[in-house]
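# Structural description and commentary
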Amino acid sequence: MADERLALMAHLLRRAGFGTSREELEAYAARPYEEVVEELVNPERIPDLDESVLRRYYPHLGANQDNPNSWNGRWVWRMVNSKRPLEEKMALFWHHVLATGWTKSEHTPTMIEHVEMLRRDGLGNFRKILVELSKDPAMIYWLDNNENHAKSINENYGREILELFSMGIGNYSETDIKNVARAFTGWTFEQPIPLYPYGHYASKFVFKPEDHDNSEKTFLGNTGKFNGEDIVDIICRQPATARFVSRHLYNFFVADEAQVPAWSVQEPRDPEAIATLSKAFLDSDADIRSVMRVLFNSDFFKAAQFQRVKCPIELVAGVIKLAGTHRGVDPGLVAFDGATRVMGQTLMDPPTVEGWHTGKEWIDGGTLTERVNFAVSQVSDVKKPGPQSIIRRLADYGRPLGPEELVDTVLDLAGPLQVQPETRQALVELAARDGELRFGSDDERQKSEERVGRLLRLTVASREYQFA
Amino acid sequence: MAVSGHTNGHAKKKDPVLVVVQLSGGNDFMNTVIPFTEGAYYDARPLVHVAKKDQLPFTDTLAFHPAAAPLRDMYLAGDVAIIQGIGYENSSRSHFRAMDIWHTCEPLKIATEGWLAKVVREIDPQGSNPLTAVSFGRGLPRALAAPGVTATSVDNLDNYGLLNSIQTAEQRQEDLSFFKRMYTPAIGTGMVLDYLAHTGNGVLAGADMLKEAPRLYTSSVQYPDCAIGKSLRDVVRVHTANLGTRIFYTQHGGYDYHAQENPSHFRLLSELTQSLRAFMQDLREHNASDNVTVLVFTEFGRRMKDNGSGTDHGSGGGAFLIGDRIQGGLYSEYPSVKPADWLNGEDLRHTFDFRGVYGTLLEQWLGLDPTEIVGGTYEQLRPFKTAAGA
């Protein structure tokens, strides 16, 4: 039913962003695919959102930035409304991989700056990203680098930058870990401004030369008086790093992969795709924008429609787009923080330094319940702009619609969404109970709106809707 | 007079229940059960040790952490088996790999089937009860994951159910029946789609049973106000509702002390041990304790030497078994803390394979053959007063 061009563009915008409204989708699909990719990977060409109005309605965002819930609500609003969606998506991607969280520090302004850094540098060079990460107070505190001293190393950051942020287990030794830790001694943050009376302030990076181990170190066969930047340089030249980052990109933007601990022993789902992305990484000297351009234009990407389970925030942002709400500054943004939380994902607070487990691990009995309940609650009200737009298009047919045509059209307008025959059959049976859809009289119109609302809520409750 | 669920000489023997409490992050066993007479302990940890005056001795050589006073009380009452020096060869210092190994019993390769999921499959091969295993908290642990096995994950027991927002009861029932149809596909539509179908049907079947549990429960026991206390209370609420749950899973996070270990460990051990004490009291108040055994475990122990503020990842951890049927005491050997015996010059050497702990629980408590589940035959302990299960 849906034409392929439209379906492919919808796929691109689900992955490079958080889905689209139907009107946006049709506008994008009118342009050449490569041109849209180029616009997505160069977000600075498009104006950023104006947040000033938002701040008037959510004073927390402007004044006291101690409230992580409203800040996460504002992030959802950005995901739904930004005209440069890949910028938001990259921030979310790096947040998955370079995981640091609120729970340990309970320090919101520093977490906010962390996420802003991921947004600002997310499409830049990986070298820059790792150096900024190593200087990031949220990360320094999360992995105890402020306790990593020349005379007594704390190897927490040294271990995780290798295991989880760049190379993956099996590509370095325990001695390498200790030497990396030594290279990052003295990388800490300045004494914070006291909490009272004005609340938290973001912390600032500081290098303490007197606490830095400046002696010789050996790392992956290289020897020198390395500091953290030297270590990052060596890391970014490693084919293991290219593969590791590529596999993460594949897992997040293309199709679900095995979980990270399995990567040292389990082949990638598509080794050729990983090789292609790794080559782009090494050829461009670790430029993420270049890798993303290759990724989105590849055949393996185009073929991977509905091959990954949406993470909770993708589900939430996508459903809001479908409902057509929160395009302005409606109240209620803060509630979305709680919605993703019960689905297993609290923004600015991943559960561990490993980040979130992805794929089907997003879903168990409890989280499936929350996902379905949320999606249904958002689209049930047919007076919302999204359902109204779908109803208008159905009415525009100007003739009664039979059950099959009705279901296929709803699935098309809500996605386009591909579903299993059983799902379609169940929806068709529901549609068939009340015969053709008609918009002649006011009575018919009201009944039809209710029927479309019901089809829509069962569509978003379906198994297939869990995939992107 | 037999109260519901109470076992007397004639009543039907109740099925054994296992409650697993996972301490995530690598609990510092040496600072939990302290070898207080060993000079090497103080020498290796000039800053991160428990001061002698605060320790709670319970043998001539061992003391509990001061925050673990409730655990010491339970130990002195004979309800706690301390299993010392647990681990496996070539302990992984990665949290994530180490937890995977504990969850799947596969130290050498990556496995997809959890050990407790295999237990569920043995206990309920047809998958007829979606509540055979219930996990509290966010996300299902890998220990409970395997293709075709349903384990129920509950975040909020008080509000568990599908399509609650639909206004009229009649429409909700109808929509639930369509939901069931959409989640009952022909087999083989794809692994993840099949998994989702299975999960969706499990939710439907479990939800109506579970929603009764909170209504049936009253208790005079006060739990500490913390996540692990809430989870253990939920275990009692479901256990006492007699829904056939045999495996409960809970998690308590935050044990990764690279820094600020002393204050954090104090807080966590307080939460944990107070919650465990309340849990046992609550079970006893409901005459529901005699068929429950608790396993408290963590992925690894920590390094001998402190790093000035905390401790880095090590090996040679410890676990606890708690319950009315437990023969309290010390099991296996405390790892040697003498520098000459340190593994890699810095780690505690494990003295007992973790799969032997699982084997003990599987064979002597749940009455199952452990060979397949843990992947081999491992030395077992004898921590039960009388053989149970089989």
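Reference entry: report on the structure contained in this document. (Residues numbered from 1 in each chain as written. Chains lettered and ligands numbered in written order. Predicted model: local features only at pLDDT ≥ 70, side-chain atom pairs only at ≥ 80, totals over all residues. Heavy atoms only, no water.)

### Observations concerning the overall build of chain A
Spelled out, the test is: In this text, helices come from DSSP runs of H or I with a minimum length of four residues, and strands from runs of E with a minimum of two, each type numbered from the N-terminal end. Radius of gyration: over C-alpha atoms. The globule rule applied is 2.2 Å multiplied by the number of residues raised to the 0.38 power. Burial classes follow relative accessibility: with a 1.4 Å probe on protein chains only, a residue under 20% of its type's maximum area counts as buried, one over 50% as exposed, and anything between as partly exposed. The contact rule is simple, with two residues in contact once any of their heavy atoms fall within 4.5 Å. The accessible surface values rely on the Shrake-Rupley method and a 1.4 Å probe; as for residues, cover is taken only from the protein chains in view.
The helix and strand tally for chain A stands at 25 helices and 4 strands. The C-alpha radius of gyration of chain A comes to 24 Å, within 12% of the 23 Å expected for a compact globule of 468 residues. Along the longest, intermediate and shortest principal axes, the C-alpha atoms of chain A span 85 × 55 × 40 Å. Classification of the 468 residues of chain A by burial places 62% in the buried group. Look at the contacts in chain A between residues 6 or more apart in sequence, and 72% of them connect residues 24 or more apart. For chain A, the exposed area adds up to about 17200 Å²; of that, 51% sits on carbon and sulfur atoms.

### Section: the overall build of chain B
Applicable threshold: Under the counting rule used here, the positive set is Lys and Arg, the negative set is Asp and Glu, and His together with the chain ends is not counted. In plain terms, the charge of a residue is placed at NZ if it is Lys, CZ if Arg, CG if Asp and CD if Glu.
Within chain B one finds 11 helices and 12 strands. Here chain B has a C-alpha radius of gyration of 22 Å; the compact-globule value for 390 residues is 21 Å, and the two agree. Dimensions of chain B, computed from C-alpha atoms along their principal axes, come out at roughly 70 × 50 × 40 Å. Contacts in chain B between residues at least 24 apart in sequence constitute 70% of all its contacts with a sequence separation of at least 6. Carbon and sulfur atoms form 51% of the exposed surface of chain B, whose accessible area is close to 15100 Å². Charge-centre separation for chain B: the mean point of 35 positive side chains lies 1 Å from the mean point of 43 negative side chains.

### Focus: the side chain of B:Asp28
All names here are of chain B. Mapped onto the secondary structure, Asp28 falls in the loop between β1 (17-24) and β2 (33-35). Take Asp28: its relative accessible area is 1%, and that puts it in the buried class. Apart from residues lying up to four places away in sequence, Asp28 is in contact with Arg45, Tyr257, Glu261, His265, Arg302 and Thr311.

### Some points on the sheet that holds strand β4 (residues 62-64) of chain B
All names here are of chain B. Going by this rule: When DSSP locates at least two bridges between a pair of strands, those strands are taken to pair.
Spatially, β2-β4-β3 is the arrangement adopted by the 3 strands of the open sheet, whose pairing is antiparallel. Edge positions in the open sheet fall to β2 and β3 (56-57), since each of these has one partner strand only. Here β2 runs beside β4; their pairing, made up of 3 bridges, is antiparallel. Pairing of Val33 across the sheet is with Phe64, part of β4.

### As for the interface of chain A and chain B
Inclusion rule: Accessible area that two parts lose when put together, evaluated with a 1.4 Å probe and summed over both, is termed the buried area. Within this document, salt bridges are pairs made up of a side-chain nitrogen of Lys or Arg and a carboxyl oxygen of Asp or Glu, the two lying within 4 Å of each other. Contacts described as polar in this section are N or O atom pairs within 3.5 Å, which, within protein, must combine one atom able to donate a hydrogen with one able to accept it, while residues neighboring in sequence count only if both atoms come from side chains. For this classification, the nonpolar set comprises Ala, Val, Leu, Ile, Met, Phe, Trp, Tyr, Cys and Pro, the charged set comprises Asp, Glu, Lys and Arg, and every other residue, Gly included, is treated as polar.
Listed as interface residues are 57 residues of chain A and, on the opposing side, 51 residues of chain B. Of the roughly 4600 Å² buried at the junction of chain A and chain B (both faces included), carbon and sulfur atoms supply 58%. Where chain A packs against chain B, one counts 9 salt bridges. Note that A:Arg454 and B:Asp175 form a salt bridge whose closest N and O atoms lie 2.9 Å from each other. In this structure, the connection of chain A to chain B is made through 26 residue pairs in polar contact (both at pLDDT 80 or more). Per-element tally for the side of chain A that touches chain B: the top contributor is helix α21 (residues 365-379) of chain A, with 8 residues. Here the residues of the side of chain A that touches chain B are counted per class, giving 19 nonpolar, 18 polar and 20 charged.

### Some points on helix α5 (residues 169-182) of chain B
We count it as follows: A helix is expected to reach a length of 1.5 Å times the quantity of its residues less one. Each C-beta atom gives one direction from the helix axis, and the arc is the one those directions make.
If you check α5(B), its first and last C-alpha atoms are 20 Å apart, about what 14 residues at 1.5 Å a residue would give, namely 20 Å. Residues of α5(B) that are buried: B:Arg172, B:Asp175, B:Leu176, B:Phe178, B:Phe179 and B:Met182. Down the axis of α5(B), the smallest arc covering the buried residues is 165°, so these residues share one side. Every exposed residue of α5(B) that faces more than 90 degrees away from the buried side is listed here: B:Ala169 and B:Glu170. Where the residues of α5(B) are buried, they touch α21, α24 (421-432) and α25 (442-460) of chain A together with α6 (191-210) of chain B.

### Some thoughts on a negative patch on the surface
Filter applied, for reference: The patches described consist of residues with a relative accessible area above 30% and no salt bridge, like charges being joined within 9 Å and nonpolar side chains (Val, Leu, Ile, Met, Phe, Trp, Tyr) within 5 Å.
Among the surface-exposed residues, B:Glu122, B:Glu363, B:Asp369 and B:Glu372 lie close enough to one another that they form a single negatively charged patch. If you trace the backbone, B:Asp369 turns up in the loop between α10 (354-365) and α11 (370-374).

### Focus on the packing of aromatic side chains
All names here are of chain A. Which entries qualify depends on this criterion: Only Phe, Tyr and Trp rings are paired, with Trp represented by its six-membered ring, and only when their centres lie within 6.5 Å; those with planes under 30 degrees apart are stacked, over 60 edge-to-face, the remainder tilted. By definition, being over a ring means that NZ of Lys or CZ of Arg is both within 6 Å of the ring centre and within 35 degrees of the ring normal.
Inspection of the entire model under this criterion finds 32 aromatic pairs over all chains. Centre to centre, the rings of Phe126 and Phe281 are 6.0 Å apart; their planes meet at 65°, and the pair counts as edge-to-face. Of this pair, Phe126 sits in helix α10 (residues 126-134) while Phe281 is found in helix α16 (residues 271-283), placing the two residues 155 residues apart along the sequence. Taking relative accessible area as the criterion, Phe281 reaches 1% and is therefore assigned buried. Of the aromatic side chains, those joined through ring pairs into one cluster are Phe93, Trp94, Phe126, Phe252, Phe253, Phe281, Phe296 and Phe301. For the cation-ring pair, Lys89 lies above Phe18, with the distance from its terminal atom to the ring centre recorded as 5.0 Å. The aromatic ring of Tyr465 is capped on one face by Lys310, whose charged end is 3.5 Å from the ring centroid.

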